[in-house]
Amino acid sequence: MRPDTAGPSASRQSTALIAGAGPAGLALAGLLGSAGWQVTVLEPLTERRAGTRAPTLWPPAAHLLDTLGAGRRVRARAHRVERLRFVSDDAERDLDLGPYAFHTLSQGELEEILEERAVALGATVVRGAAVTSFVAGADGRPRVTVGHGDGRTEQLTADLLVGADGAHSVVRGQLGVESAGERYASRFALLDFTDEQGLFPRDTSITWVGRRGTLVSVPLPAGGTRVVVPVLDPDADPAGFLLKTAAEHGFPLSVDTATWQAEFHVTVAMAETFARGSVALIGDAAHVQSPAGGRGMNNALEDAFALATQLCDRAVGEAAEEGAVDVPAALVRYDLLRRAEMADELGAIKETTDRWVGRTGSGEPEPTAVQRPRRSDVQRTACIHPRPRPTAEGEEPPVWSRAGFTGSRMVLSDAPETAWPPHPVVLVGGPDEPAVRGALFAGARRARSAARLDGGAALPPGVYVTTASSDILGHWPWELLNEPDPSPVLTQIGQCMGSHHHEPPR
């Protein structure tokens, strides 16, 4: 396998081992591979699992897929859902998602696309291979034991080990990291089927609550629909309970057109840390949640984006030269950022799950992370995390970060594709040949227009500094660059590029 067995060298590639070839592991492999890392993904299964599994892709996930160069392929095979409907015994409400519309696609199909893209970007995927144990070497790098399906074992060393190996993560267990949260007594049942009768709308996901029980429908590609119900009767057969609940809502379903069925218990929980030393956790290895809102896989993909950004991004202080990444320091930043965001996210998911089933869990959720700025209801629904620059009490934020859109994610409408991580400077609108040039602008991206991911609103022209995940750190209108002496503005841009704006207060 590719990760090195030699000691550290200033000129060698950074190396990563990723345990798990699910969406998060494969997305991270593609991002790191694009950034010049040598990446090996280790997957115990010899073939992808069948079934739709987690099909929902909210806008941040779609943006990540675009960043990887996989977005067009996904959209061509996915189904677009444009509104949500909430129905109770005495009320009905529609929410037009507009720019927050989501897509659905079988997780197996998404994994196929992500794996092909990761390999094209230089990663290696090894199936029938699993991380069984690891220790920290004398240099701090993980020394990993890999077991193969044929009984062989292998010792590998890498700069980074990532546990993307699911809720029962071997990596998390070996790391000695505990999880805290709540396991619900109720089970959930789901049925994916071909909606030959046209019972459910194709552009709307609907949630019914009330005396007939909770039922959720989600449109799937190729005329499919998913129905999910919480099974409140502990003695009931889950599949039968689902069909009975659907019938009480007026939907005569049958398993004859089923394409996939599943039943499961729900846990909402989070690891006490997402990183230790040179080992990181992403996806279900770091946090598990209920299907409420369809955000589990999206959060896993956002973990991958956040981790890759901290490892590869010049705008958050990492050197661009090969071999210069301080992996433990990058993982500290990743842990602080994502654990705080996931505390908020799991709180939102738990609120929805409680509405579905009532207070049937074993206890209160654990407050385990720094609080983030409050998100709007639609931002929580669409799995969007604005990342404004945190400030200490009494501290004034820098002038370049005071705009209301700072911390939002930028989407460029007409910029050419660039390798990831992109240049942190983005030139939006303005003159074709800016009056000011120099090292800060060499390689900068250009776009005639840009918009906010969280709402689609157009962004004003000017110079922007963003992270590799396109979160806006600072903005300067073009007129400031056209002053007789633009050096103060250039100094500010340099300061913005060199600061760790994503690290929340401790």
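Right, let's walk through the structure included here. (Residues numbered from 1 in each chain as written. Predicted model: local features only at pLDDT ≥ 70, side-chain atom pairs only at ≥ 80, totals over all residues. Heavy atoms only, no water.)

1. Some words on the overall build of the protein
Heads up, the condition is: Under the DSSP-based scheme used, a helix requires at least four consecutive residues in state H or I and a strand at least two consecutive residues in state E, with every element numbered from the N terminus. A simple rule labels every residue: compare its accessible area, found with a 1.4 Å probe on the protein chains alone, to the largest value its type can have, and call it buried under 20%, exposed over 50%, or partly exposed in between. Residue contacts are counted whenever heavy atoms from the two residues lie within 4.5 Å of one another. Computed by Shrake-Rupley with a 1.4 Å probe, the accessible areas treat only the displayed protein chains as cover when residues are assessed.
A tally of regular secondary structure across the protein gives eleven helices and 26 strands. Counting across all 506 residues of the protein, residues that qualify as buried make up 54%. At a minimum sequence separation of 6, the contacts of the protein that also span at least 24 residues come to 70%. Of the roughly 20,600 Å² of accessible surface on the protein, a fraction of 51% belongs to carbon and sulfur atoms.

2. Some thoughts on the pairing of strand S2 (residues 38-43)
Across a regular strand the side chains alternate sides, sitting on one face of the sheet and then on the other. Formally: We call two strands paired when DSSP finds no fewer than two bridges between them. Here is how to tell: hold the view so the strands point away, follow the path from the first strand over the helix to the second, and if it runs clockwise the crossover is right-handed.
For S2, the buried fraction is high: six of the six residues fall into the buried class. Burial along S2 is two-sided: the residues Gln38, Thr40 and Leu42 and Val39, Val41 and Glu43 are all buried. Both strand S1 (residues 15-19) and S2 contribute to a ladder of five bridges, which runs parallel. Across the sheet, Ala16 pairs through a bridge with Val39, a residue of S2. Handedness of the crossover joining S1 and S2 through helix H1 (residues 23-34) is recorded here as right-handed.

3. Remarks on the packing of aromatic side chains
For any pair of aromatic rings, the description consists of the separation of the ring centres together with the inter-plane angle of the planes. Selection rule: Stacked, tilted and edge-to-face are the three classes applied to pairs of Phe, Tyr and Trp rings, where Trp contributes its six-membered ring and a pair requires centres within 6.5 Å; stacked means planes under 30 degrees apart, edge-to-face means over 60, and tilted covers the rest.
Tallied over the full model, the rule gives eleven aromatic pairs. Taken together, a centroid distance of 4.4 Å and an interplanar angle of 35 degrees make the contact between Phe200 and Phe251 tilted. With Phe200 in the loop between strand S13 (179-194) and strand S14 (204-208) and Phe251 in the loop between helix H6 (238-248) and strand S17 (258-271), this pair connects stretches of sequence that are 51 residues apart. In this pair, the class of Phe200 matches that of Phe251, namely buried.

4. A look at the environment of Val428
Relative to the helices and strands, Val428 resides in strand S22 (residues 425-428). Put simply, Val428 and Pro477 are 49 residues apart on the chain and 9.6 Å apart in space, counted from C-alpha to C-alpha.

5. Some words on helix H2 (residues 59-68)
Along H2, eight of the ten residues are buried, which leaves the element largely enclosed by surrounding structure. Taken as a whole, H2 has its buried residues at Pro59, Pro60, Ala61, Ala62, His63, Leu64, Leu65 and Leu68. Looking at the residues trailing H2, positive phi occurs at Gly69, about 80 degrees.

6. Comments concerning the sheet that holds strand S7 (residues 102-104)
Strand order across the open sheet formed by three strands is S3-S7-S4, with antiparallel pairing between neighbours. Of all strands in the sheet, those bounded by a partner on one side alone are strand S3 (56-57) and strand S4 (79-81). For S3 and S7, the ladder comprises two bridges, and the chain directions are antiparallel. When the sheet's bridge partners are listed, Thr56 is paired in S7 with Thr104.

7. Some words on the sheet that holds strand S11 (residues 153-157)
Our working rule: For every element, the axis is a line fit to its C-alpha atoms; helices are fit only across the contacting stretch, and the angle between N-to-C directions ranges from 0 to 180 degrees.
Spatial strand order, S9-S10-S11: three strands in an open sheet with antiparallel pairing. Every other strand in the sheet has two partners, leaving strand S9 (129-136) and S11 as the edge strands with one partner each. On average, each strand axis in the sheet is inclined to that of its neighbour by 25 degrees, with strand direction left out of account. Where strand S10 (residues 142-148) meets S11, five bridges bridge the pair, whose relative direction is antiparallel. Opposite Val146, over in S11, you have Glu154 as the bridge partner.

8. Quick word on helix H8 (residues 327-357)
Because an α-helix packs 3.6 residues into every turn, residues spaced three or four apart end up facing the same way. Worth spelling out the cut-off: To estimate how far a helix should reach, multiply one less than its number of residues by 1.5 Å.
Over its 31 residues, H8 runs 42 Å from end to end, which matches the ideal 45 Å to within 8%, given 1.5 Å per residue. Burial analysis of H8 places 24 of its 31 residues in the buried class, the great majority of the element.

9. Observations regarding the pairing of S22
Residues Val425 and Leu427 point to one face of S22 and Val426 and Val428 to the other, with burial holding for every one of them. One ladder, built from four bridges, connects S22 with strand S25 (residues 462-466); its direction is antiparallel. Residue pairing in the sheet places Val426 in a bridge with Tyr464 of S25. For S22 and strand S23 (residues 445-447), the ladder comprises three bridges, and the chain directions are parallel. For Val428, the partnering residue across the bridge sits in S23 and is Ala447.

10. Observations regarding the nonpolar core
Where we set the bar: Within this scheme, the nonpolar core is defined by two criteria: the residues are buried Ala, Val, Leu, Ile, Met, Phe, Trp, Tyr or Cys, and they are joined through side-chain atoms within 4.5 Å.
In terms of nonpolar packing, the biggest core is built from 99 residues, with Leu28, Leu32, Trp37, Leu160, Ile282, Leu307 and Leu311 touching the most fellow members. Core analysis: the second largest hydrophobic core is formed by 17 residues, Ala189, Leu242, Ala246 and Leu253 among them.

11. Focus: unusual backbone geometry
Most peptide bonds adopt trans geometry, and most residues besides glycine take a negative phi value. A positive phi angle, close to 55 degrees, is found at Arg53, a residue other than glycine. Mapped onto the secondary structure, Arg53 falls in the loop between S2 and S3. Within the chain, Ser470 stands out as a residue other than glycine whose phi angle is a positive 70 degrees. Assignment of secondary structure puts Ser470 in the loop between S25 and strand S26 (472-476). For Ser470, a relative accessible area of 9% puts it in the buried group.

12. Observations concerning the pattern of salt bridges
Our working rule: Here, a salt bridge means any side-chain nitrogen of Lys or Arg that lies within 4 Å of a carboxyl oxygen of Asp or Glu.
Evaluation of the coordinates by the stated rule reveals 29 salt bridges. The residue Glu272 makes a salt bridge to Arg276 at a minimum N-O spacing of 3.8 Å. Here Glu272 falls in the partly exposed class, since its relative accessible area comes to 39%. It is possible to trace a salt-bridge network through shared partners that takes in Asp139, Arg141, Arg143 and Asp159.

13. Digging into the packing of H1 against helix H7 (residues 296-312)
The test is simple: Every angle not falling under 35 degrees, over 145, or within 65 to 115 is termed oblique; those three ranges are roughly parallel, roughly antiparallel and roughly perpendicular. Working rule for handedness: look at the near helix, and if it is turned counterclockwise from the far one by less than a right angle, call the crossing left-handed; if clockwise, right-handed. Just so you know the grouping, Ala, Val, Leu, Ile, Met, Phe, Trp, Tyr, Cys and Pro go in nonpolar, Asp, Glu, Lys and Arg go in charged, and all remaining residues, Gly too, go in polar.
Two elements in contact, H1 and H7, have axes whose closest approach is 8 Å; the angle formed by their N-to-C orientations is 25 degrees. Compared by their axis directions, H1 and H7 come out roughly parallel. The chirality of how H1 crosses H7 is right-handed. Between H1, through Pro23, Ala24, Ala27, Leu28, Leu31 and Leu32, and H7, the contact on the second element is made entirely by Met297, Ala300, Leu301, Ala304, Phe305, Leu307, Ala308, Leu311 and Cys312. In the contact of H1 with H7, the residues fall into 15 nonpolar, no polar and no charged.

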